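# Summary of structural features
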Amino acid sequence: MPFTAQKIIRLDTVESTNLFAQDLLLNHEVENGTVIVSRNQTKGRGQRGSIWIAEAGSNLTFSIILFLEKLRAEKQFLLNKAFCLAVYDFLKAYNFMHVAIKWPNDILVKGKKISGMLIENTIKGENLSTIVAGFGINVNQTNLGASLIDMATSMRLEQAQVFNLEETLSTILHFIDIRYHQVINDEQTIIDNDYNAVLFQLNEWCLYEANNKEFIGCIRGVTENGQLIIEHQGGTKQLFSNKEIRFKIFN
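Described in the following lines is the structure provided in the data block. This one's a predicted model, so the numbers in the text were calculated from it and none came from an experiment.

### Here we look at the overall build of the protein chain
When its secondary structure is counted, the protein chain shows five helices and 14 strands. Computed over the C-alpha atoms, the radius of gyration of the protein chain is 18 Å, within 12% of the 18 Å expected from 2.2 N^0.38 for a compact globule of 251 residues. Dimensions of the protein chain, computed from C-alpha atoms along their principal axes, come out at roughly 55 × 45 × 30 Å. Put simply, the protein chain has 251 residues, and 51% of those count as buried. Taking the contacts inside the protein chain whose residues are at least 6 apart along the sequence as the reference set, 64% of them involve residues at least 24 apart.

What follows is the structure, given as structure tokens:
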């Protein structure tokens, strides 16, 4: 069993595996690398306070609890990159093509969202204290709803086959473990280079929105603390934090 999955707690239904993990941290002793996985997540949370809708028993919805006190707080986005790359590696292992990371932490296949995550950290002094990383991966779900059909997809929809959830869980935990060890072994350059290399819309002129104004820009990379670097048509570059900018094809 990989280091990041020393203990697996299996639930039938939970509001959110991240909330369950936070409750464990507050009220119980928790082993480093504990994984909480649920068949059904009724109030899964995503970025911008959005709700992650997952069909019961069809997808992977899980959270990992980690204690990583040697990582300085200003490097917390390194974890975000590493976990995104773990999902990227996982999909490539199943022979998915046209996989990309949409900043900051959505995973796309052929331009459609197949996975997202929510990472919640606590800080002690100058270092991270605890990390709760929640993952949602569309595996066997086929009914995504009319409002999401053009923006989301699943492993089953892309490859026309049913996947074994236990096998996929074991596989994704394996890749999380590999990338997690790159973090603790201070292999930041590898993570940074790999993340930037598969960024969605990297070096492409596309439409964005910031401050209620649309503009044409080109993604040139991501800073160490997670800000998106966009070049404007005039040549100037601007940094954006999450929630400050929208990809216009993703509302």
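### What about the nonpolar core?
In this structure, Phe 62, Leu 91 and Met 155 are the most contacted members of the largest nonpolar core, which totals 63 residues. Here this core takes 12 residues from helix 2 (residues 76-93), the largest share from any one element. In contact with Leu 91, not counting residues within four places along its chain, are Phe 96, Val 99, Ile 107, Val 109, Ile 114 and Met 155.

### Observations concerning the side chain of Asp 106
Relative to the helices and strands, Asp 106 is located in strand 7 (residues 106-109). Of the polar contacts made by the side chain of Asp 106, one reaches the side chain of Lys 113; its length is 3.3 Å.

### Digging into the sheet that holds strand 6 (residues 99-102)
Across the sheet, seven strands lie side by side as 1-2-5-9-8-7-6; this open sheet has mixed pairing. Pairing within the sheet leaves two strands with one partner each, and these edge strands are strand 1 (7-14) and strand 6. The sheet shows a mean angle of 20 degrees between the axes of neighbouring strands, direction not considered. Relative to strand 8 (residues 112-124), helix 2 is tilted by about 150 degrees, and along the sheet it contacts strand 5 (60-67), strand 6, strand 7, strand 8 and strand 9 (127-137).

### Focus on the side chain of Gln 141
Within the secondary structure, Gln 141 sits in the loop between strand 9 and helix 3 (155-159). With a relative accessible area of 5%, Gln 141 lands in the buried category. A polar contact of 2.6 Å, which involves the side chain of Gln 141, links it to the side chain of Asn 59.

### Section: the sheet that holds strand 10 (residues 205-210)
Strand order across the open sheet formed by five strands is 13-12-11-10-14, with antiparallel pairing between neighbours. Edge positions in the sheet fall to strand 13 (237-240) and strand 14 (246-247), since each has one partner strand and no second. Where strand 11 (residues 213-222) and strand 12 (residues 228-232) come together, five bridges link them in antiparallel fashion. Note on strand 12: the bridge partner recorded for Gly 221 is Ile 229.

### Focus on the pairing of strand 6
Within a regular strand, side chains alternate between the sheet's two faces. Burial along strand 6 is two-sided: Val 99 and Ile 101 and Ala 100 and Lys 102, pointing in opposite directions, are all buried. As paired strands, strand 6 and strand 7 are joined by four bridges and run antiparallel to one another. In the sheet register, Ala 100 faces strand 7, and the bridge partner there is Leu 108. The turn joining strand 6 and strand 7, which pair antiparallel and follow one another in sequence, is formed by three residues.

### Concerning the pattern of salt bridges
Under the counting rule described, the total for this entry stands at 13 salt bridges. The shortest N-O distance in the salt bridge between Glu 158 and Lys 110 comes to 3.6 Å. Here the residue Glu 158 occupies a position in helix 3, and Lys 110 occupies one in the loop between strand 7 and strand 8, the gap between them amounting to 48 residues. By relative accessible area, which is 24% here, Glu 158 ends up partly exposed. Measuring nitrogen to oxygen at the nearest pair gives 3.0 Å for the salt bridge that ties Asp 194 to Arg 179. In this pair, Asp 194 sits in helix 5 (residues 188-197) while Arg 179 sits in helix 4 (residues 165-184), placing the two residues 15 residues apart along the sequence.

### Structural notes on the packing of aromatic side chains
Counting across every chain of the model gives nine aromatic pairs. Ring geometry for Tyr 208 and Phe 247: centres 5.3 Å apart, planes at 75 degrees, overall edge-to-face. On the criterion of sequence distance, the pair formed by Tyr 208 in strand 10 and Phe 247 in strand 14 is long-range, its members being 39 residues apart. Taking the relative accessible area as the measure of exposure, Phe 247 reaches 3% and is therefore buried. The interplanar angle of 20 degrees and the centroid separation of 6.0 Å between the aromatic rings of Phe 215 and Phe 240 together place this pair among those described as stacked. Pair noted here: Phe 215 is in strand 11 and Phe 240 is in strand 13, with a separation of 25 residues, a long-range link. Overall, Phe 240 belongs to the buried group, its relative accessible area being 3%. An aromatic cluster is built from Phe 200, Tyr 208, Phe 215, Phe 240 and Phe 247, whose rings are joined through pairwise contacts. A cation over an aromatic ring shows up here: Lys 102 above the ring of Phe 247, its NZ or CZ 4.7 Å from the ring centre.

About the cut-offs
Residues numbered from 1 in each chain as written. Predicted model: local features only at pLDDT ≥ 70, side-chain atom pairs only at ≥ 80, totals over all residues. Heavy atoms only, no water. Helix = DSSP H or I, 4+ residues; strand = E, 2+ residues; numbered from the N terminus. Rg over C-alpha atoms; globule rule 2.2 N^0.38 Å. Buried < 20%, exposed > 50% of the residue type's maximum accessible area, 1.4 Å probe, protein only. Contact = heavy atoms within 4.5 Å. Core = buried A, V, L, I, M, F, W, Y, C linked by side-chain atoms within 4.5 Å. Polar contact = N/O pair within 3.5 Å; in protein donor to acceptor, adjacent residues only side chain to side chain. Pairing = 2+ DSSP bridges. Axes fitted to C-alpha atoms, helices over the stretch in contact; angles between N-to-C directions. Salt bridge = Lys/Arg side-chain N within 4 Å of Asp/Glu carboxyl O. Phe/Tyr/Trp six-rings, centres within 6.5 Å; stacked < 30°, edge-to-face > 60°. Lys NZ or Arg CZ within 6 Å of the ring centre and 35° of its normal.

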